[in-house]
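Coordinate inspection notes
Chain by chain, the residues run as shown.
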2 protein chains.
Amino acid sequence: MLHGGGPTAVLNASLAGVVEACRAEPSIAALYGAERGVEGLLGDAIVDLFAEDPGLWEDIARAPGSALGSSRRRITDADYEQMLATLDRLGVAWVLLNGGNGTMEMALGLHHAARTAGANLTVVGIPKTIDNDLAGTDHTPGYASAGRFFASCLRDVGADNRALPGITVLEVLGRNAGWLAAASTLARRGPEDPPHLTYFPERPLPFDSLAADVERVYRKLGRVVVSVCEGQLDANGEPFGADVRVSSRAPLALNLAHTLAQRLTSALKIPARSEKPGLFGRSCAALASETDRIEARNCGAAAVRGALAGRGGYMVSIQRNPGLSYNPSYNFTPLEDVAGRERLFPEHWLPAAPEDDLPAFRAWALPITGEIPSYKNLRGVRIF
Amino acid sequence: MLHGGGPTAVLNASLAGVVEACRAEPSIAALYGAERGVEGLLGDAIVDLFAEDPGLWEDIARAPGSALGSSRRRITDADYEQMLATLDRLGVAWVLLNGGNGTMEMALGLHHAARTAGANLTVVGIPKTIDNDLAGTDHTPGYASAGRFFASCLRDVGADNRALPGITVLEVLGRNAGWLAAASTLARRGPEDPPHLTYFPERPLPFDSLAADVERVYRKLGRVVVSVCEGQLDANGEPFGADVRVSSRAPLALNLAHTLAQRLTSALKIPARSEKPGLFGRSCAALASETDRIEARNCGAAAVRGALAGRGGYMVSIQRNPGLSYNPSYNFTPLEDVAGRERLFPEHWLPAAPEDDLPAFRAWALPITGEIPSYKNLRGVRIF
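Residues numbered from 1 in each chain as written. Chains lettered and ligands numbered in written order. Predicted model: local features only at pLDDT ≥ 70, side-chain atom pairs only at ≥ 80, totals over all residues. Heavy atoms only, no water.

**Here we look at the nonpolar core**
To keep it simple, the criterion reads: Residues belong to one nonpolar core when they are buried, are Ala, Val, Leu, Ile, Met, Phe, Trp, Tyr or Cys, and are joined through side-chain atoms within 4.5 Å. Any residue under 20% of the maximum accessible area for its type is buried, any over 50% is exposed, and the rest in between are partly exposed; the area is computed with a 1.4 Å probe on protein chains only. We call two residues in contact whenever any of their non-hydrogen atoms come within 4.5 Å of each other.
Within the largest apolar cluster, 72 residues are counted, with the highest numbers of intra-cluster contacts made by A:L180, A:F361, B:L180 and B:F361. In this structure A:L180 touches A:I130, A:Y143, A:A146, A:G147, A:F150, A:V172, A:L173 and A:G174, once residues within four positions along its chain are discounted.

Written out as structure tokens, the structure reads:
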């Protein structure tokens, strides 16, 4: 069992689901966890998960982060060989890898390496990412909790902005995919509710368009809350901001919201503030979705079932069954159909204008994030 | 009734307390609210608070922001004259002003102006500020909720940092006062828990000291979470950061955490990330303290009692009574003893080193923030 990539609020729930399912299965003699993900597997830092107090897992299941630790290490062919040697030495029959795009690529690589080496190893992936950009599943554990966080955050920061009006630029996680930008609108009930403008990284954003949008809303409402994704690029496909980190996936402005707020202040002569709750967005336990917690746990348990059934080279996927009420089931998708793909926000759900509601997305998202209540306002009966 | 300054998560609870107390008092014929604080009073935007549905106030009491709106306007002598004329025209007998330092200065100014003009007007202040820097009260409504937010935030971001180790610089609100920096440590149980380093704006911070502290903790734990206050100044008393706003109170770097993270990355060759949940820190309803909500409401009710008793020129203050359990009462402090003063974090509670615990502060704070549970970790029994 090992973790890869950035943690979420419910990654540990999947781990608890794995442990629970393994303890319930008499044929499983031992369950090991690699500390700090693949680093632990390559560095012989392996722990016995059956040695933990069984009562601990309920607490672990509700804690953010990763109880085992994680890693962003990129794997080489030599790494795969070393991993296989270690797994063989330990007598491991199957490996579960819980992570996002990079981790599913590694799972597929390990699956192929085992096949090539003639090793009898079953590799099963467990999906995880707040960005919701994994292919082959209706959604990924972690996304609904981060979505609930940003919907609540935009609502509350919007209440503040309504009380003391101005321009607020709020930076939302999600890299190249607008799933969390979309989720940031879930507490909206009408055009006066925040965010007033929502931008999707799937579309380049000329600064002049942003400034014109902000000015238009400000003239109308006297205040503006802007939701912008961390991976937003400008008209030339370049990141806004002076400090840019180029990762394997895409360039990211490290000071995006701040830069946009400063540029809007200069362009419009209206004070703009920025807000950037990034790491808290993926770790906040208080705003996690209970449905997400349950599904993450179920994905862990499903992975154990898959491994026992010999589903090597597959990832657990969440399927939304037809019917009036939300009803998920847990299936398996070939890693070949997941690895190296990025699932962006659907083109046909993208709004025509940044002020627009997202009714189809909303109907899709609320069953997994849970309802996000909005606040009531005074009628405000003037005495003159 | 009017609001001043930045909203908190419980400012509306004080408003609900005022309305509730006024509705219960048959001698009070009308209660008006000024929209957008003093702007509404100067601009004749006054609403009838008895015209609202009485059932609404329970909802309003739990909403962040300010249902009436607020303002940061600085008041001139001519403004006071106009305010008095409007209040006289409306037949207003007393005015309640709910806010922080600036608002209490305005309350005192209005009190003096009324005396000078021979007007029969009772001015009472209701304390409010997340920074907890108001004199004359044990603490201010709004502080405990923001404290609970930052304690939870540092705990959860710390769980993330433990899973994927590195340097994380988290910027905490509080201006020149370290009350919220101190509160950010409330989920700590030991030296391995975040924040590992906490800095107080009451002391200048040479960058070299910060870098040496961060490197020392990183060598020991392999990770570091730094809690730094938005108003932190460097060895020369200057703000860190390229973008600085000079307010009436103090200079503030708008990109403090980002700047420190970039400089630490350069100096130590270890990747550092920054996090800045500012507006959400003062508005997050989900992490507000229930004790704070109750006290804010009680402060509103106490202000009405004070006004009826002719306590003009006073501010409601929270007093902590002696005894084994926390037991507050609501008294009155002369505005003369509040206005223009800034209550910094007590010298004798400041830690000797940035790694140190704050036992005296902790005992003082937990009754108002509520307990902040920490997370359990695996024992981690290695198989080799």
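**Describing the pattern of salt bridges**
Selection rule: In the sections that follow, a salt bridge refers to a side-chain nitrogen of Lys or Arg positioned within 4 Å of a carboxyl oxygen of Asp or Glu. Only runs of H or I of at least four residues qualify as helices and only runs of E of at least two qualify as strands under DSSP, and these elements are numbered from the N terminus.
Per the stated rule, a full pass over the model turns up 34 salt bridges over all chains. As a salt-bridge pair, A:E290 and A:R62 come within 2.7 Å of each other at their nearest N and O atoms. Taken as a pair, A:E290 in helix α11 (residues 290-308) and A:R62 in the loop between α3 (56-61) and α4 (77-90) lie far apart in primary sequence, 228 residues in all. A relative accessible area of 40% means that A:E290 is categorised as partly exposed. The exposure class assigned to A:R62 is partly exposed, which follows from its relative accessible area of 42%. We note a salt bridge from B:D59 to A:K376, for which the minimum N-O separation is 2.8 Å.

**A look at the sheet that holds strand β5 (residues 122-127) of chain B**
Residues and elements named next belong to chain B. So the rule is basically this: For two strands to be treated as a pair, DSSP must find no fewer than two bridges joining them.
Strand order in this open sheet of 5 strands is β1-β4-β5-β12-β13, and the pairing throughout is mixed. Two strands bound the open sheet, and with one partner strand each, they are β1 (2-3) and β13 (328-334). Where strand β4 (residues 94-99) lies against β5, 6 bridges are found, and the strand directions are parallel. Paired with W94 across the bridge in β5 is T122.

**Brief notes about the interface of chain B and chain A**
Selection rule: As used here, buried area is the combined drop in accessible area, with a 1.4 Å probe, of two parts when they are placed together. Under the rule applied, a polar contact is a pair of N or O atoms within 3.5 Å (in protein, one hydrogen donor and one hydrogen acceptor; residues adjacent in sequence only if both atoms are side-chain atoms). Residues are grouped as follows: Ala, Val, Leu, Ile, Met, Phe, Trp, Tyr, Cys and Pro are nonpolar; Asp, Glu, Lys and Arg are charged; every other residue, Gly included, is polar.
Contact residues are listed per partner, giving 70 residues for chain B and 70 residues for chain A. Roughly 6000 Å² is buried in total at the junction of chain B and chain A, and carbon and sulfur atoms are behind 61% of that figure. Considering only the surface of chain B that becomes buried against chain A, B:L279, B:F280 and B:L378 emerge as the three largest contributors, covering 12% of it. Summed over the shared surface of chain B and chain A, the number is 6 salt bridges. For A:D160, the salt bridge identified is with B:R282, shortest N-O distance 2.7 Å. Where chain B packs against chain A, one counts 33 residue pairs in polar contact (both at pLDDT 80 or more). Those elements giving two or more residues to the side of chain B that touches chain A turn out to be β3 (46-48), α3 (56-60), α4 (77-90), α6 (143-163), α9 (256-268), β11 (272-275) and α10 (279-283) of chain B. No other element matches α6(B), which puts 9 residues into the side of chain B that touches chain A. Considered class by class, the residues forming the side of chain B that touches chain A number 34 nonpolar, 17 polar and 19 charged.

**Considering the relation of the copies chain B and chain A**
Stated precisely, the cut-off is as follows: Alignment of the copies relies on least squares applied to C-alpha atoms, considering only residues that score at least 70 for pLDDT in both.
When chain B is fitted onto chain A, the two copies agree to an RMSD of 0.0 Å after a turn of 180 degrees and an axial shift of 0.0 Å. Viewed as a symmetry operation, the transformation between the two copies matches a two-fold axis.

**Here's the deal with the environment of A:P271**
All names here are of chain A. For P271, the location among the structural elements is in the loop between α9 (256-268) and β11 (272-275). Taking C-alpha positions, P271 is 8.8 Å from T168, a pair spaced 103 residues apart along the chain. Ignoring any residue separated from it by four or fewer positions in sequence, one finds P271 in contact with G166, I167 and T265.

**A short note on the pairing of strand β12 (residues 314-320) of chain B**
Residue and element names in this part refer to chain B. Inspection of the sheet shows β5 paired to β12 by 2 bridges, in the parallel sense. Pairing of V124 across the sheet is with Y314, part of β12. Pairing between β12 and β13: 7 bridges, direction antiparallel. Bridging across to β13, S317 finds its partner in N331.

**Some thoughts on the sheet that holds strand β7 (residues 197-198) of chain A**
All names here are of chain A. Cut-off, in case you're wondering: Structural elements are reduced to axes, namely lines fitted to C-alpha atoms, with helices fitted over the stretch in contact, and the angle between N-to-C directions of any two is expressed from 0 to 180 degrees.
With respect to topology, 4 strands assemble into an open sheet ordered β7-β8-β6-β11, the strand pairing being parallel. Two strands bound the open sheet, and with one partner strand each, they are β7 and β11. Of the strand pairs in this sheet, strand β6 (residues 167-172) and strand β8 (residues 224-229) are connected by 6 bridges, and their pairing is parallel. The residue of β8 that forms the bridge with E171 is V228. Sheet strands in contact with helix α6 (residues 143-163) are β6, β8 and β11, and its direction is about 170 degrees off that of β6. Helix α8 (residues 207-221) contacts β6, β7 and β8 of the sheet and is inclined by roughly 150 degrees relative to β8.

**Let's talk about the packing of aromatic side chains**
Residue and element names in this part refer to chain B. Selection rule: Pairing of aromatic rings covers Phe, Tyr and Trp, the last counted by its six-membered ring, and requires centre-to-centre distances within 6.5 Å; plane angles under 30 degrees mean stacked, over 60 mean edge-to-face, and any other angle means tilted.
For the structure on display, the rule yields 28 aromatic pairs over all chains. With a centroid separation of 5.0 Å and 85 degrees between ring planes, the pair formed by F149 and F150 is classed as edge-to-face. What makes F149 buried here is its relative accessible area of 0%. Plain terms: the ring middles of W179 and F345 are 5.2 Å apart, the flat faces sit at 75 degrees to each other, and that makes the pair edge-to-face.

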